[in-house]
Each structure stands twice: as structure tokens, then as C-alpha cells.
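An overview of the molecular structure
For reference, the chains in residue letters:
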Number of protein chains: 2
Amino acid sequence: MSDLNAAQNHQDYVHGLVVVNTGNGKGKTTAALGLLFRASGHNQRACMIQFIKSEDGQWGEVKTAERLQIEWFKMGDGFVWNSQDIAETRRKALQAWDLARQKIVSGLYRLVVLDEFTYPLHYGWLDTGEIIDWLREHKPADLHLVITGRYAPQALIDYADLVTEMQLVKHPFKEGIPGQPGIEY
Amino acid sequence: MSDLNAAQNHQDYVHGLVVVNTGNGKGKTTAALGLLFRASGHNQRACMIQFIKSEDGQWGEVKTAERLQIEWFKMGDGFVWNSQDIAETRRKALQAWDLARQKIVSGLYRLVVLDEFTYPLHYGWLDTGEIIDWLREHKPADLHLVITGRYAPQALIDYADLVTEMQLVKHPFKEGIPGQPGIEY
């Protein structure tokens, strides 16, 4: 970290942050989309890897990502709580992490989002300690890495630079209003 | 609300939500950018009105908004805590609210973001009760209205459909790392 000290007086020195958006509220993935929105304006190359979401669905965010030339990978098989085949779910998480490692070490990106990456950690499909060790060794210093999802393990919070907990205060689903295009997806 | 009841069985019926992102953590404005990101993919016309941020600065989000043809208005005179002239700050908040009302009633938008709108309410530059009364009467039923900022007044929370509190768990500024392009702006 001696380069970091040397650059302290530089207003624009680049320090790739590890950002975690966790909690039971809305806005974890949405705030990650907001970071893609910002990064794109700076012409920073960015990549999104979704660990849980599957290929199904026509999400607004995927179309915008195409327009902004943000690379996007849906690697999951749907929502965790719908898993019919836990071995398959685990296999897909491993596949997604293989892809994530390739993207992280490639040096091509300034921002990589690992969406809902906390679930494979929380459920033990991937080993949190091994992953943090790998990230400490391999994450490029100028890469911003954003991880979203509930139940962020404490070791991940300890490793991260910026952690926000999104807390549910009030949710319209509880009042019978279904998810709205442009808001929920 | 009788139309709403009639549409209950429609999977895609549109119910414009009032969304509030508040709390002391990161991600309030960023999650609003994420909603712009989604809305754009659905070809929903959207508009951002910033109550505090001034014309200064070259933010990534403004450039992306141009690319996505999202209308963007910076109506403030900087950060609240830097205000040299409180009468001027108050005048600018009133101007921004005039613009917001025009945009809300225009019928042109599916999503309007009032960024950092909670501050004029919290500091009493605008009257929260009057504003909620106005919104109840004039907000189009299919318009999603997103309001961000700390210190959301309780009356606003009561009025809103979806409220999330972003809580700071860990912040890199505390460890001497300055704001990073693509993350903070």
C-alpha cells in the first residue's frame, strides 16, 4: 500500500473499493445499477454477474446495459427459495464464481458487480474465507468490486471498504400492490 | 382508487409508487439512479430534479443521463452545510419545487426523481403537509415518484408506498480514502 500513501495528495488517485449492499430492504441491486450508471458516464468499463437470477424475464436493466455496452451475465437458476435441485444451484454458483474470477483478474474493468453473491456465501455453496483470500491476492488495486445481497457474512463486511445496510421501512407488496416495471425489474 | 381494485387481477397493472430512500448511509441517490437505469430499459420517460446539487461538477451520472435521454435538472446551490446565504438556498428550493410540480402534472413522465428533496422539508424551507396535500391531489396515478435524502419527515414516510432506510455500516472516508469517480459521483 506504499503507492497509496504516495498518492494521498492526489485528488483523483484511484483506489478500487469493495462495496457491499446488504440488508432486508430494497435498493441493494438497484444501487449497484446506479453505480453502473455513474461508471458508464466516466467511460469506465463495467461488468455485471448475477449469481441467482436466471435467463428468464425481460428486465429493463438488461436493455439499458446493452445500450450502455455494459457486459451482463445471468448465471443463476432463479431464486434460491425456489430451488428444486440444490446440487444444480450449487454448481451454477461455482460456475458464476469461475466467471467472476476471470473478469476480476482480466484487467479489463473498472467496476465489477457480483449481484446476490452473498447467498452462495451464506448458504455455504462457496467458502467465504477462501474467496476473501483470493480477492486479497488477485483483485486489481483500481477495480471497484460491488457485492449485493442479504446476509452478508461478517468476514465479508470486515474485508469491505464501504458497507450499507438497506433496511425495509415500508413495502407496497404488503399492501397488495404487485411489482412494477421500472421499479422492481 | 376504484380503477385500482378493478385491475387487481391484472399482472401488469400500473400503480405509480411513491418511493423514499432515506437514512445516513450511501445508496439513496445511487438507488434512484438504478431506477432510472431500469425505467430507461422499459422506454419509460424519466426526469431527475436535484434540489441541492448545483451546476458545478462533471458527474458521471449526468453524462449517462444524456446518453439515455433522461431529463436532468440541477436546481440547488451546492451542499446545504455550505450555504452562505440561506434566503438564496430557500429561494432555489422553491424554484425547484415549482419545476417539480410542472413535471409531475405534465403527464409526460413515468418516473420523476426528486433528489435530496427531504432537506428543504426537514429544514422547513418547504411545508411538508402542503406538499403531501398537493401530491395527493395532483400526482398522476401511473407516475412513480422517487424522493431521496436524509431526515425524511414522518408525514412523508406515512404517505409513501415504499420506504428504505440506507444505514451506514462502514465508510472508506473514515479511513482516509477520498471519493472515487464512478462510485461517489
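Remember, it's a predicted structure, so these values are computed and weren't measured experimentally.

Once that is clear, we can look at the overall build of chain A. Check the secondary structure of chain A and you find 7 helices and 6 strands. Shown N-terminal to C-terminal, the secondary structure of chain A runs as helices and strands in the order α-β-α-β-α-β-α-β-α-α-β-α-β. Expressed as a percentage of its 185 residues, the buried residues of chain A come to 58%. Sequence-distant contacts in chain A: of pairs separated by 6 or more residues, those separated by 24 or more amount to 78%.

Quick look at the relation of the copies chain A and chain B now. For the match of chain A to chain B, the screw axis carries a shift of 0.0 Å, the RMSD comes to 0.0 Å, and the turn is 180°. Given the turn and translation reported, the copies of this chain are related as if by a two-fold rotation axis. Residue by residue, 100% of the interface of chain A is reproduced at the interface of chain B, so both copies engage with the same surface.

We now examine the pattern of salt bridges. As enumerated under the stated definition, the model contains 10 salt bridges over all chains in all. In this structure, arginine 38 of chain B and glutamate 61 of chain A form a salt bridge, with 3.0 Å as the shortest nitrogen-oxygen distance. Remark: glutamate 61 of chain A occurs in helix 3 (residues 60-67) and arginine 38 of chain B occurs in helix 2 (residues 28-41); the pair is interchain, linking two chains. In terms of burial, arginine 38 of chain B and glutamate 61 of chain A fall into one category: buried. Of the charged contacts, one joins arginine 91 of chain B and glutamate 88 of chain B as a salt bridge, the two residues approaching to 3.0 Å between their closest N and O atoms. In this pair, arginine 91 of chain B and glutamate 88 of chain B both sit in helix 4 (residues 86-105), 3 residues apart, roughly one turn of the helix. Each of Arg45, Glu71 and Lys103 of chain A takes part in one network of salt bridges that share partners.

All names here are of chain A. Most of strand 2 (residues 46-50) is tucked away: 5 of the 5 residues are buried. Alternating residues of strand 2 divide into Ala46, Met48 and Gln50 and Cys47 and Ile49, and every residue in both groups is buried. In this sheet, strand 4 (residues 111-115) lies alongside strand 2 in parallel orientation, the contact comprising 5 bridges. Counted as the bridge partner of alanine 46 is leucine 111 from strand 4.

Turning next to the nonpolar core. One recurring pattern in soluble globular proteins is that nonpolar side chains are buried together. The biggest cluster of nonpolar side chains holds 42 residues, and the ones touching the most others in it are Leu36 and Phe37 of chain A together with Leu36 and Phe37 of chain B. Elements supplying a minimum of two residues to this core: helix 2 (28-41), strand 2, helix 3 and strand 4 of chain A together with helix 2, strand 2 (46-50), helix 3 (60-67) and strand 4 (111-115) of chain B. When near neighbours in sequence (up to four residues on either side) are disregarded, leucine 36 of chain B contacts Phe37 of chain A together with Ala46, Met48, Ile70, Trp72, Leu111 and Val113 of chain B.

What follows deals with helix 6 (residues 128-138) of chain A. All names here are of chain A. All of the buried residues in helix 6 are Thr128, Ile131, Ile132, Trp134 and Leu135. Along the long axis of helix 6, the arc covered by the buried residues comes to 160°, so they all point the same way. Across helix 6 from its buried face, at more than 90 degrees, point the exposed residues Glu130, Asp133, Arg136 and Glu137. Elements in contact with the buried residues of helix 6: helix 4 (86-105), helix 5 (118-122), strand 5 (144-148) and helix 7 (154-159). N-cap assignment for helix 6: the residue whose side-chain oxygen lies 3.1 Å from the backbone N of glycine 129 is aspartate 127.

Taken together, the 63 residues of chain A in the interface contact 63 residues of chain B. Here chain A packs against chain B, burying approximately 5300 Å² in sum over the two surfaces, 59% of which is carbon and sulfur. Here chain A and chain B share 2 salt bridges between them. Where chain A packs against chain B, one counts 26 residue pairs in polar contact (both at pLDDT 80 or more). Put simply, the parts of the chain that give the side of chain A that touches chain B at least two residues each are helix 2, helix 3, helix 7 and strand 6 (162-170) of chain A. Split by residue class, the side of chain A that touches chain B holds 28 nonpolar, 23 polar and 12 charged. Examined bridge by bridge, strand 6 of chain A and strand 6 (residues 162-170) of chain B share 7 bridges and lie antiparallel to one another. Looking across to strand 6 of chain B, one finds that methionine 166 of chain A is bridged to methionine 166 of chain B.

What follows is about the environment of leucine 99 of chain A. Residues and elements named next belong to chain A. Note on placement: leucine 99 falls in helix 4. Note: C-alpha distance between leucine 99 and isoleucine 49 (50 residues apart in sequence) is 8.2 Å. Not counting chain neighbours up to four residues away, the residues in contact with leucine 99 comprise Ile49, Phe73 and Met75.

Thresholds, definitions, all that
Residues numbered from 1 in each chain as written. Chains lettered and ligands numbered in written order. Predicted model: local features only at pLDDT ≥ 70, side-chain atom pairs only at ≥ 80, totals over all residues. Heavy atoms only, no water. Helix = DSSP H or I, 4+ residues; strand = E, 2+ residues; numbered from the N terminus. Buried < 20%, exposed > 50% of the residue type's maximum accessible area, 1.4 Å probe, protein only. Contact = heavy atoms within 4.5 Å. Least-squares fit on C-alpha atoms with pLDDT ≥ 70 in both. Salt bridge = Lys/Arg side-chain N within 4 Å of Asp/Glu carboxyl O. Pairing = 2+ DSSP bridges. Core = buried A, V, L, I, M, F, W, Y, C linked by side-chain atoms within 4.5 Å. Arc of directions from axis to C-beta. Polar contact = N/O pair within 3.5 Å; in protein donor to acceptor, adjacent residues only side chain to side chain. Buried area = accessible area lost by both parts, 1.4 Å probe. Nonpolar A, V, L, I, M, F, W, Y, C, P; charged D, E, K, R; others polar.

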